[in-house]
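Structural characterization, general
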Amino acid sequence: MQNEINKTYTPQQLAEFDTLLTGLEALTADLAVFTQEEKAALVKTPDNATDWMNGMLLRARQNMGILSRAFDPEPVAQDLRLDQDVTPRLMRLQRVVDRMQTTQFLARSDAFSALLGVRRSLKDAHVAGVDDDLSDGLKRFFSRTSRATPAPAPAVAN
């Protein structure tokens, strides 16, 4: 039987977690949220473009006399500072999210694996109603697995 994770949270730990999440949600409530289509319509920044952007902003400030009067370097500088402030925090947050997603995956996988064994034992014992409440997805899953591992042929009486 699979057992890849053995972790529990106390009610106090979950309450602390929820409090921290509420704080993060409050700190980020005014940040933009875009659909995939809206993001696709924006200019995508190439990887490792930060040094180039900082250098270009410096050149822009040094050559304001030849640039359009409509160009204001301060909003660009503010955007670059925001990127610099957000990036390390986002990396830390992504590590937390990765751990949580892995934990959720392992917990569900362990439980599903154990319950597959329970199902097999109940079906082998001919317990009625074992598969009465299957969703369509589970019906497809079990039909694929039953085809992959065929049941032994019944004994034929002579």
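Residues numbered from 1 in each chain as written. Predicted model: local features only at pLDDT ≥ 70, side-chain atom pairs only at ≥ 80, totals over all residues. Heavy atoms only, no water.

The secondary structure content of the protein amounts to five helices and zero strands. When its helices and strands are written in sequence order, the protein yields α-α-α-α-α. Projected onto its principal axes, the C-alpha positions of the protein cover 100 × 40 × 25 Å. Here the protein holds 158 residues, and the buried ones make up 7% of them. Across the protein, every contact between residues at least 6 apart in sequence was considered, and the portion connecting residues at least 24 apart equals 50%. When the accessible surface of the protein is totalled, it reaches about 14000 Å², and 58% of it is carbon and sulfur. One finds the centroid of the 19 positive side-chain charges in the protein at a distance of 5 Å from the centroid of its 21 negative side-chain charges. (Helix = DSSP H or I, 4+ residues; strand = E, 2+ residues; numbered from the N terminus. Buried < 20%, exposed > 50% of the residue type's maximum accessible area, 1.4 Å probe, protein only. Contact = heavy atoms within 4.5 Å. Areas by Shrake-Rupley, 256 points an atom, 1.4 Å probe, with all protein chains shown as cover. Lys, Arg positive; Asp, Glu negative; His and termini not counted. Charge placed at Lys NZ, Arg CZ, Asp CG, Glu CD.)

Time to look at unusual backbone geometry. Look at asparagine 48: it is not a glycine, yet its phi comes out positive at around 60 degrees. Inspection of the secondary structure assignment puts asparagine 48 in the loop between helix 2 (36-40) and helix 3 (50-62). Residue classification places asparagine 48 among the exposed residues on the basis of a relative accessible area of 77%. With a phi angle near 60 degrees, histidine 126 is a residue other than glycine that sits in the positive phi range. For histidine 126, the location among the structural elements is in the loop between helix 4 (73-124) and helix 5 (136-148).

We now examine the confidence of the model for the protein. Mean pLDDT over the protein stands at 92; residues scoring 70 or higher make up 93%. The element-level mean pLDDT for the protein is lowest in helix 5, coming to 83, with helix 3 highest at 98. (pLDDT = per-residue confidence, 0-100.)

The next subject is the environment of valine 96. As for its placement among the helices and strands, valine 96 is situated in helix 4. Among the residues examined, valine 96 registers a relative accessible area of 35% and is labelled partly exposed. Along the sequence, valine 96 and aspartate 85 sit 11 residues apart, while their C-alpha atoms lie 18 Å from each other.

So, about the packing of aromatic side chains. Counted under the stated rule, the structure contains two aromatic pairs. A centroid spacing of 5.3 Å and a plane angle of 65 degrees characterise the contact between phenylalanine 112 and phenylalanine 141, whose relative ring orientation is edge-to-face. Here phenylalanine 112 is found in helix 4, whereas its partner phenylalanine 141 is found in helix 5, with 29 residues between them in sequence. Among the residues examined, phenylalanine 112 registers a relative accessible area of 35% and is labelled partly exposed. Taking the centre distance of 5.3 Å and the plane angle of 70 degrees together, the rings of phenylalanine 141 and phenylalanine 142 count as edge-to-face. By relative accessible area, phenylalanine 142 is classed as buried at 10%. (Phe/Tyr/Trp six-rings, centres within 6.5 Å; stacked < 30°, edge-to-face > 60°.)

Moving on to the side chain of aspartate 110. When you line up the elements, aspartate 110 lands in helix 4. With no salt bridge to any partner, buried aspartate 110 finds its closest opposite charge in arginine 108, at an N-O distance of 11 Å. Engagement of the side chain of aspartate 110 in a polar contact is seen with the backbone nitrogen of glutamate 4, the distance being 2.9 Å. Here the side chain of aspartate 110 touches isoleucine 5 through a polar contact of 3.1 Å, landing on its backbone nitrogen. If sequence neighbours within four positions are ignored, aspartate 110 has contacts with Gln2, Asn3, Glu4 and Ile5. (Salt bridge = Lys/Arg side-chain N within 4 Å of Asp/Glu carboxyl O. Polar contact = N/O pair within 3.5 Å; in protein donor to acceptor, adjacent residues only side chain to side chain.)

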